[in-house]
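Single-letter residue listing:
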Amino acid sequence: MSLYPTLWVAFLVFSVGLFGVLSRRHLVAIIMGIELMFNAANLALVTIGWAYGVITGQIIALFAIAITVSEVAVGLALFLLLERVRKTVYADETNLMKG
Amino acid sequence: MKVETIAFFILCLGLVASSIAVVISKHLLRSAIFLALSLLLTAIFYISFGAELLAGVQILLYAGGIITLIVFVILLTERIEMKKLEETHRGVIPALLASSLVFFILVYFTWASPKVQSLAKSPSSSTFGISKTLSENLFQEWVLPFEVLSLLLLAAIIGALVLARRERKEKEI
C-alpha cells in the first residue's frame, strides 16, 4: 500500500465520474457518475487519513457515505417525479427552470 | 516483485476499468452492475488501509442500498410509451477535455506539494484498534455532526416520500 498510486487511482475515478456526469443524457446515469465521484473522494479521504495516522479521515468518509445515501434517495425521487410529470428521462429535455 | 504489489496493481486496474465501464456502457442496468463492482473494489481498498468498519458500511449502504434503489428506478422507467430507451452520449469531446484537465490539475498539485511528498516518503500507517478508536472519536468529539446527520436522514426520508408519492385525484377521495 502506498500513498501516491492510490491517490492517483482516486483522481482517475473522480475524472471518469465527471466525464459521465458531463456526457451522459439519462438522469440515472448522471446520478451514477455522481456516485463514482463521491466514491473517489471517500477513497482519497481514507488514504490521506491513513498516511497521517489519524482517524478523522475515516469519520468524515463515514459522514460522506450517509449524506450520499440520502442525496441519492432524494435524487431518485425527483427523477421519478420528473418522469411522471414531463414523460422524459433525459437531462437535456428538462428545461422547466430555463428562463 | 512482491505478491502484494501485484495484487494492488490488479485491484487498481479493476477499479479503473469498472469505473470506465460505468460511464461508457450503453445499457443502464449493465452500468449499474459495474457500479456495484467498483464500489465493492473500493471496499477492498478500505480493508487494505485498515478501515474495516468503513468497508462494511460501504458494502451495506452502497452496494446493498443504493444499487438496489438505482436498479428499481431503472426497471420502473425503462420503457416510456412502449418505446425502449437507448442511452446515448452527447458532447463527448468537451467532457473528455474537462475531465482530463481536472485529472491533471489534481495529479500535478499532489505531485508538487511538499506536504504530500513527505507523507508519501514516511506514511505513519499505524494500525491502532480501528473500530474502538473510531467509535470513541465518533461519540465524543463528533457527536454533534452525528446527531445533525440523523436529522438530515429524517429530512431525506420525508422529502423522498413526499416527492415520489402519487397525487390522488379528487374523485377517488
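For clarity, every value in this text was computed on a predicted model and none was experimentally measured. As a convention, each chain's residues are numbered from 1 in the sequence order in which they are written. Chain labels run from A onward and ligand labels from 1 onward, assigned in the order the entries are written. Given that this is a predicted model, residues contribute local features only at a pLDDT of at least 70 and side-chain atom pairs are listed and counted only at 80 or more, while totals for whole chains, interfaces and linings are drawn from all residues.

(A) View of the overall build of chain A. Secondary structure assignment for chain A yields three helices and zero strands. Strands are runs of DSSP state E lasting at least two residues, helices are runs of H or I lasting at least four, and both sets are numbered from the N terminus onward. Counting from the amino terminus, helix and strand elements in chain A follow one another as α-α-α. To get the radius of gyration, use the C-alpha atoms; to get the globule rule, take the number of residues to the power 0.38 and multiply by 2.2 Å. Radius of gyration (C-alpha) of chain A: 17 Å, far over the 13 Å computed for a compact globule of 99 residues. Projecting the C-alpha coordinates of chain A onto the three principal axes gives extents of approximately 50 × 25 × 25 Å. The long-range fraction of contacts in chain A, counting pairs at least 24 apart against all pairs at least 6 apart in sequence, stands at 43%. Contact between two residues is assigned whenever their backbone-derived C-beta positions fall within 7 Å.

(B) How the structure looks around the overall build of chain B. From N to C terminus, chain B includes seven helices and two strands. Written out in order from the N terminus, the α and β elements of chain B read α-α-α-β-β-α-α-α-α. Exposed residues have 12 or fewer other C-beta atoms within 10 Å of their own C-beta, buried residues have 20 or more, and residues in between are partly exposed; the C-beta atoms are placed from the backbone. Residues classed as buried in chain B amount to 21% of the 173 residues present.

(C) Region of interest: the domain arrangement of chain B. These domain limits were set by an automatic method or by a database of domain assignments. According to the domain assignment, chain B contains domain 1 (1-87), domain 2 (90-118) and domain 3 (130-165). Here the C-alpha centroids of domain 1 of chain B and domain 3 of chain B sit 24 Å apart.

(D) Looking closely at the interface of chain B and chain A. Listed as interface residues are 71 residues of chain B and, on the opposing side, 59 residues of chain A. Elements with a contribution of two residues or more to the side of chain B that touches chain A: helix H1 (3-24), helix H2 (28-48), helix H3 (52-76), helix H4 (92-112), helix H5 (114-121), helix H6 (130-140) and helix H7 (143-164) of chain B. Split into classes, the residues belonging to the side of chain B that touches chain A amount to 48 nonpolar, 21 polar and two charged. By the convention adopted, Pro, Cys, Tyr, Trp, Phe, Met, Ile, Leu, Val and Ala count as nonpolar, Lys, Arg, Asp and Glu as charged, and the other residues, Gly among them, as polar.

(E) Fine view of the nonpolar core. Connectivity within a nonpolar core runs through C-beta atoms within 7 Å, and the core itself is a set of buried Ala, Val, Leu, Ile, Met, Phe, Trp, Tyr and Cys residues. Core analysis: the largest hydrophobic core is formed by 65 residues, its most contacted members being A:Ala10, A:Val13, A:Val28, A:Met32 and A:Val46. Every element with two or more residues in this core is listed here: helix H1 (3-23), helix H2 (27-52) and helix H3 (56-86) of chain A together with H1, H2, H3 and H7 of chain B. Of the residues forming this core, the biggest block, 15 residues, is contributed by H2(A). Of the domains in this structure, domain 1 (1-87) and domain 3 (130-165) of chain B are the two that each give at least three residues to this core. If we skip the residues at most four places from it in the chain, A:Val28 touches A:Phe79, B:Leu28, B:Ile70, B:Val73 and B:Ile74.

(F) H1(B), seen in detail. Expected helix span is given by 1.5 Å per residue-to-residue step, counting one fewer step than there are residues. Compared with an ideal rise of 1.5 Å per residue, which puts 22 residues at 32 Å, H1(B) spans 32 Å between its outermost C-alpha atoms and is within 8% of the ideal. If you check which residues of H1(B) are buried, you get B:Leu15, B:Ser18, B:Ser19, B:Val22 and B:Val23. Viewed along the axis of H1(B), the buried residues span an arc of 140°, placing them on a single side of the element. The exposed residues of H1(B) that point more than 90 degrees off its buried face are B:Val3, B:Thr5, B:Ile6, B:Phe9, B:Ile10 and B:Leu13. Summarising the contacts, the buried residues of H1(B) are in contact with H1 and H2 of chain A together with H2 of chain B. Directions pointing from the helix axis toward each C-beta atom define the arc.

(G) Inspection of the packing of H2(A) against H3(A) at higher detail. All names here are of chain A. The convention used is that axes are lines fitted to C-alpha atoms, helices contributing only their stretch in contact, and that angles between N-to-C directions extend from 0 to 180 degrees. In contact at an axis separation of 9 Å, H2 and H3 are set at 175° when each is read in the N-to-C sense. By the criterion of interaxial angle, the relationship of H2 to H3 is roughly antiparallel. In contact with Leu27, Val28, Ile31, Phe38, Ala41, Asn42, Leu45, Val46, Ile48 and Gly49 of H2, H3 contributes Thr56, Gly57, Gln58, Ile60, Ala61, Ala64, Ile65, Thr68, Val72, Gly75, Leu76 and Phe79. In the contact of H2 with H3, the residues fall into 15 nonpolar, seven polar and no charged. Should an angle lie under 35 degrees it is considered roughly parallel, over 145 roughly antiparallel, and from 65 to 115 roughly perpendicular; all remaining angles are considered oblique.

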